[in-house]
Amino acid sequence: MKAIIRREILNYLKRPLFWVAIVVVIFGVFQQLNPYLNIHYITSEDELKNEYPETVHEGEIYEGYIPVSTEEHRKLWENAIQKSLVSDFGMSNDEAADAIQEMNDMELDEACRYLEDEYGYYNAEYSWEDTAYRKGTMDEINAYIKEELEERPFSWYFSRKFADFAGLFMGFTATILLAVLFMQDMRKNTYELLHTKPISATQYVIGKATGGFLISLLILGILNLVFWAACMICTNGNDFEIRLTDFLLATCLYILPNMLMIVCVYTITALLFKNPLPAVPLLFLYMIYSNMGSRNAEGVYGYYGRPLAIMVRFPGMFFDVTPPPLAMVNQICLLLVSAGIILIGIQLWRRRRIW
């Protein structure tokens, strides 16, 4: 088994495509993570001057936005509604103020229905969403950053964003690189020769799968070191805590089970069809399925994860990187299903052995 693993790793290290893939992945992930590397304490109000709207549905801290409290959210929403009643519905300021006063004791849903019934205002819910974040002052932004970093180190938040985009790019990269993992062995002459060798089915299947998995692990190891170093360099002088263990833990939890599943899909496809290439379109469809959004129980559209998905996304703002519901359960299920696929692959190889 060790000889098989060593051979696969050396074969990949000799391929220019492997090194090109590393460069492309680093560049692609850096393009997505670069804004987060620029997060810092604000030293002047001039840094916050831009033409962005005052309130938005989602706004990042590096853009100068902070989340609003529940009370402030309601106030901002009412102000937006009042302005809209004046500008879009031709009401006077006093009439619009009276309408807002009428809604003071109403819950949001009731207030939206009141606006629909009384004034034909049908997009009040969207106005609520568009006032979830507002521009902050220098002191407010610095206080917000400090508060969040007192709870967790900077690298904890950054590593979740790293897992998001590194997992996305690695999914496509592994699909391309691992397509050749079984290519040589599935050729007719080689396939028949392998079945006459004294190597066992367990050694062969696990050795090949391990070799492919270690190639993905090697790329991820390089990515971890590169972006850990980038964090150290770019945040130097901000007194942000940067821990390599945060990167490693996020990678182990949210990326490695996905890489193992991709390896296993190639393994079972190659052993079933004596050709790994049918797995390529299947895996691309698998990734599209994994990256699709859905609606929750309340009907709100967003990314909530899908059963056996091979991507874990963190679509929230930088300081709101909560994983999708049941993400860890899904990762454990991926490990169990991968183990099952390997066992099936061993049986397939054993049944086709020539004695």
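In this report, the structure presented in the accompanying data block is examined.

**Some points on the overall build of the protein**
Moving on, step 1. Helices and strands together make up the secondary structure of the protein, namely 14 helices and five strands.
Moving on, step 2. The C-alpha atoms of the protein give 26 Å as radius of gyration, which overshoots the globular expectation for 355 residues (20 Å, by more than 25%).
Moving on, step 3. Taken over 355 residues, the protein has a buried fraction of 47%.
Moving on, step 4. When contacts within the protein are restricted to residue pairs at least 6 apart in sequence, those whose partners lie at least 24 apart make up 75%.
Moving on, step 5. Total accessible area computed for the protein in this model is approximately 18500 Å², and 59% of it derives from carbon and sulfur atoms.
Moving on, step 6. Counting 29 positive and 41 negative side-chain charges, the protein places the centres of these two groups 28 Å from one another.

**Concerning the packing of helix 8 (residues 154-177) against helix 13 (residues 279-290)**
Relative orientation and spacing of two packed helices are given, respectively, by the angle between their axes and the distance between those axes.
Moving on, step 1. At a minimum axis distance of 10 Å, the contact between helix 8 and helix 13 shows a crossing angle of 175 degrees. Classed by the angle they form, the pair helix 8 and helix 13 counts as roughly antiparallel. For the pair helix 8 and helix 13, contact is made by Gly171, Phe172 and Thr175 and by Val280, Leu283, Phe284 and Met287, respectively.

**So, a negative patch on the surface**
Moving on, step 1. Together, Asp94, Glu95, Asp98, Glu102, Asp117 and Glu118 make up a region of like negative charge exposed at the surface.
Moving on, step 2. Mapped by element, the contributors of at least two residues to the negative patch are helix 4 (93-102) and helix 5 (108-119).
Moving on, step 3. Considering each element in turn, the negative patch owes the most residues, four residues, to helix 4.
Moving on, step 4. Among the secondary structure elements, Asp94 is positioned in helix 4.
Moving on, step 5. For Asp94, a relative accessible area of 58% gives the class exposed.

**A short note on unusual backbone geometry**
Glycine aside, residues mostly have negative phi, and peptide bonds are mostly found in the trans state.
Moving on, step 1. Although it is not a glycine, Lys274 adopts a positive phi angle of roughly 60 degrees.
Moving on, step 2. Within the fold, Lys274 resides in the loop between helix 12 (256-273) and helix 13.
Moving on, step 3. In this structure Lys274 comes out as partly exposed when scored by relative accessible area, which is 44%.
Moving on, step 4. You will see that Leu326, though not glycine, has its phi angle at about 65 degrees, which is positive.
Moving on, step 5. Tracing the backbone through its elements, the reader meets Leu326 in the loop between strand 5 (301-302) and helix 14 (327-351).

**Structural notes on the side chain of Glu78**
Moving on, step 1. Locating Glu78 in the fold gives a position in helix 3 (residues 70-89).
Moving on, step 2. Ignoring sequence-local partners within four residues, the contact set of Glu78 consists of Ile100 and Asn104.

**Quick look at helix 5**
Moving on, step 1. Between its first and last C-alpha, helix 5 extends 16 Å over twelve residues, near the 16 Å set by a 1.5 Å rise per residue.
Moving on, step 2. Looking at helix 5, one finds that the buried residues are Ala111, Cys112, Tyr114 and Leu115. Looking down the long axis of helix 5, one finds its buried residues gathered within 155 degrees of arc, a one-sided arrangement. Exposed positions of helix 5 whose direction lies more than 90 degrees from the buried face are Asp109 and Asp117.
Moving on, step 3. Elements that come into contact with the buried residues of helix 5 comprise helix 3, helix 4 and helix 6 (124-129).

**Concerning the packing of aromatic side chains**
Moving on, step 1. This structure, assessed with the given rule, holds 23 aromatic pairs.
Moving on, step 2. Their ring planes at 20 degrees and their centres at 5.4 Å tell us that Tyr36 and Phe318 sit as a pair that is stacked. A residue pair is termed long-range when its members are at least 10 positions apart, and Tyr36 in helix 2 (residues 16-37) and Phe318 in the loop between strand 5 and helix 14 qualify at 282 residues.
Moving on, step 3. Ring centres of Phe154 and Phe240 lie 4.9 Å apart, and the angle between their planes is 15 degrees; this geometry places the pair in the stacked category. A residue pair is termed long-range when its members are at least 10 positions apart, and Phe154 in helix 8 and Phe240 in the loop between helix 10 (201-234) and helix 11 (244-254) qualify at 86 residues.
Moving on, step 4. When its relative accessible area of 1% is taken as the criterion, Phe154 is described as buried.
Moving on, step 5. Its relative accessible area of 10% is what places Phe240 among the buried residues.
Moving on, step 6. The ring of Tyr12 is capped by Arg15, whose NZ or CZ atom sits 4.7 Å from the centre of that ring.
Moving on, step 7. For the cation-ring pair, Arg152 lies above Trp156, with the distance from its terminal atom to the ring centre recorded as 4.1 Å.

**Describing the side chain of Arg74**
Moving on, step 1. By secondary structure assignment, the location of Arg74 is in helix 3.
Moving on, step 2. Every residue in contact with Arg74, bar those within four places of it in the chain, is listed here: Met103, Asn104, Met106, Glu107, Leu108, Ala111 and Trp128.

**A short note on the sheet that holds strand 2 (residues 65-67)**
Moving on, step 1. Read from one edge to the other, the open sheet built from three strands follows the order 1-3-2, with strand pairing classed as antiparallel. With one partner strand each, in any of the chains shown, strand 1 (55-56) and strand 2 form the two edges of the open sheet.
Moving on, step 2. Note that strand 1 and strand 3 (residues 133-135) share two bridges and pair antiparallel. By the bridge assignment, Val56 is partnered in strand 3 with Tyr133.
Moving on, step 3. Helix 7 (residues 138-151) rests against strand 2 and strand 3 of the sheet, and its axis sits at about 55 degrees to strand 2.

Calculation rules
- Residues numbered from 1 in each chain as written.
- Predicted model: local features only at pLDDT ≥ 70, side-chain atom pairs only at ≥ 80, totals over all residues.
- Heavy atoms only, no water.
- Helix = DSSP H or I, 4+ residues; strand = E, 2+ residues; numbered from the N terminus.
- Rg over C-alpha atoms; globule rule 2.2 N^0.38 Å.
- Buried < 20%, exposed > 50% of the residue type's maximum accessible area, 1.4 Å probe, protein only.
- Contact = heavy atoms within 4.5 Å.
- Areas by Shrake-Rupley, 256 points an atom, 1.4 Å probe, with all protein chains shown as cover.
- Lys, Arg positive; Asp, Glu negative; His and termini not counted.
- Charge placed at Lys NZ, Arg CZ, Asp CG, Glu CD.
- Axes fitted to C-alpha atoms, helices over the stretch in contact; angles between N-to-C directions.
- Parallel < 35°, antiparallel > 145°, perpendicular 65-115°, else oblique.
- Patch = residues over 30% accessible without salt bridge, like charges linked within 9 Å, V, L, I, M, F, W, Y side chains within 5 Å.
- Salt bridge = Lys/Arg side-chain N within 4 Å of Asp/Glu carboxyl O.
- Expected span 1.5 Å × (residues − 1).
- Arc of directions from axis to C-beta.
- Phe/Tyr/Trp six-rings, centres within 6.5 Å; stacked < 30°, edge-to-face > 60°.
- Lys NZ or Arg CZ within 6 Å of the ring centre and 35° of its normal.
- Pairing = 2+ DSSP bridges.

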